[in-house]
Amino acid sequence: MKLRYYQVDAFANEIFSGNPAIVVEVKSWLDDQTLQNIARENSVDATAFFVVGESEIQLRWFTPDLELDLCGHATLAAAHVLKKELNYAKDSITFQTSAGLLYVEVEKDLYTLDMPSRKPVKTVLPEFIAQSLSKQPIEVLKARDYILVYGSENDVRDIQIDQVSFNKVNIDPGGVAITAKGDRSDFVSRFFVPQATIFEDPVTGSAHASLVPYWSEKLGKQELFAVQLSERQGKLHCKDHKGRVLVSGHAITYSAGVLNISLK
């Protein structure tokens, strides 16, 4: 079986920035183990698989390690592939996913992802995470992900994490977002996942489902500009809107090719 794939840098205006995802169209769903094997072989943050239906497009996401319950950057990448590579006619794209219906609006080269809000609540930081941090947060919250709030952008930029301690527990399906008010943005963040093949995620759209409602309330504003301070870095225009989170960004195709899959 030959499957066409596209590698896309999401939340990026140029290649080698943002977050890479591989997007694969399948005519019908392959078995879960084959999908996982493809994602492991691709070895990027996320591989998105989609099946085009009459009214909705079914979408699933896999890291090299597991299936995700929500992935923002790979959804953006899938919308980009549909519009720019496969000439999808509509500017409003509906994805049916395990997280419910996700929507992407396309306006020229800007993609706006509409996803459910996951407002975090205060919690206690697990000891294994606390022991791994070079500096302790001033506030700890959790939705799917732990949200660790720091006092400054430099705290987020300079944080050191002891991976031996951090990797003691698998907190699947979530990760740890470290965040603070930004110097030249509304807020900044970094995102880490224990026991994951890729330790620090370059740009994490799904984490903003929790970061946006937190900072919207904290700063008293609905529209926010966010920067993820990874090595590749990502810039996200966000909005807290009626129980939904809107995240906008650009995307660019890096490569395209064919996967040769042998099915047993």
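Our structure's up above, just so we're on the same page.
Residues numbered from 1 in each chain as written. Predicted model: local features only at pLDDT ≥ 70, side-chain atom pairs only at ≥ 80, totals over all residues. Heavy atoms only, no water.

Draft legend 1. Representation of the overall build of the chain. Tallying secondary structure elements over the chain gives six helices and 17 strands in all. Against the 2.2 N^0.38 benchmark of 18 Å for 264 residues, the chain shows a C-alpha radius of gyration of 18 Å, consistent with a compact globule. The buried share of the chain, reckoned over its 264 residues, is 56%. Sequence-distant contacts, at least 24 apart, represent 62% of the contacts inside the chain between residues at least 6 apart. (Helix = DSSP H or I, 4+ residues; strand = E, 2+ residues; numbered from the N terminus. Rg over C-alpha atoms; globule rule 2.2 N^0.38 Å. Buried < 20%, exposed > 50% of the residue type's maximum accessible area, 1.4 Å probe, protein only. Contact = heavy atoms within 4.5 Å.)

Draft legend 2. Looking closely at the pattern of salt bridges. Applying the stated criterion across every chain yields a total of 16 salt bridges. Residues K221 and D186 are paired through a salt bridge, measuring 2.8 Å at the closest nitrogen-oxygen approach. You can see K221 sitting in the loop between helix 6 (208-219) and strand 14 (223-228) and its partner D186 sitting in the loop between strand 11 (176-181) and strand 12 (187-192), a full 35 residues away along the chain. (Salt bridge = Lys/Arg side-chain N within 4 Å of Asp/Glu carboxyl O.)

Draft legend 3. Structural context of the pairing of strand 7 (residues 110-116). In terms of burial, strand 7 is a largely internal element, five of the seven residues being buried. The hairpin turn running from strand 6 (residues 100-107) into strand 7, its antiparallel successor, is two residues long, and K108 in that turn takes a positive phi close to 55 degrees. Relative to strand 16 (residues 244-249), strand 7 runs antiparallel, the two being bridged by six bridges. Within strand 16, the residue paired with L113 across the bridge is V247. (Pairing = 2+ DSSP bridges.)

Draft legend 4. Seen up close, the packing of aromatic side chains. The final tally for this structure, using the stated rule, is six aromatic pairs. Both rings, one in F192 and one in F199, keep their centres 5.2 Å apart while their planes meet at 50 degrees; by these two values the pair is tilted. Considered together, F192 and F199 belong to a single accessibility category, that of buried residues. An aromatic cluster of at least three residues, connected via ring pairs, comprises F166, F192 and F199. The side chain of R60 reaches across the aromatic face of W29, ending 5.2 Å from its centre. (Phe/Tyr/Trp six-rings, centres within 6.5 Å; stacked < 30°, edge-to-face > 60°. Lys NZ or Arg CZ within 6 Å of the ring centre and 35° of its normal.)

Draft legend 5. Local environment of helix 1 (residues 32-42). Buried within helix 1 we find T34, L35, Q36, I38, A39 and N42. Where helix 1 is buried, its residues contact strand 1 (2-10), strand 2 (19-25), strand 3 (46-52), strand 4 (57-62) and strand 17 (251-260). The residue sitting at the N-terminus of helix 1 and contributing the capping side-chain oxygen is D31; that oxygen lies 3.2 Å from the backbone nitrogen of Q33. Once helix 1 ends, the next one or two residues include S43, with phi positive near 55 degrees. (Polar contact = N/O pair within 3.5 Å; in protein donor to acceptor, adjacent residues only side chain to side chain.)

Draft legend 6. Representation of the pairing of strand 11 within the structure. Of all six residues that make up strand 11, five are buried, and the element is covered over most of its length. Judged from the six bridges that link them, strand 11 and strand 12 form a sheet pairing that is antiparallel. Bridged to V176 within strand 12 is F192. Between strand 11 and strand 12, which pair antiparallel in sequence order, lie five residues.

Draft legend 7. Focus on the nonpolar core. If you look at the biggest cluster of nonpolar residues, it comprises 51 residues, and the most contacted ones within it are W61, F95 and M115. When residues in this core are grouped by element, the largest group, seven residues, is from helix 2 (residues 72-85). With near-sequence residues (within four places) excluded, M115 lies in contact with L70, L102, G205, S206, H208, A209, R244, V245 and V247. (Core = buried A, V, L, I, M, F, W, Y, C linked by side-chain atoms within 4.5 Å.)

Draft legend 8. Main features of the side chain of E139. Tracing the backbone shows E139 in strand 9 (residues 139-142). There is a polar contact of 2.7 Å between the side chain of E139 and the side chain of Y214. When near neighbours in sequence (up to four residues on either side) are disregarded, E139 contacts K122, I147, L148, V149, Y214 and K218.

Draft legend 9. Focus on unusual backbone geometry. Positive phi is not limited to glycine here, since F11 has a value of about 55 degrees. The buried category is assigned to F11, whose relative accessible area is 4%. The backbone phi angle of S43 is positive, close to 55 degrees, even though this residue is not glycine. Looking at the secondary structure, you find S43 in the loop between helix 1 and strand 3.

Draft legend 10. Quick look at the environment of E231. Take E231: it is sitting in the loop between strand 14 and strand 15 (234-241). Residues E231 and F95 lie 136 residues apart in sequence; the distance between their C-alpha atoms is 30 Å.

Interpretation note: all reported values are geometric properties and have no functional meaning in isolation.
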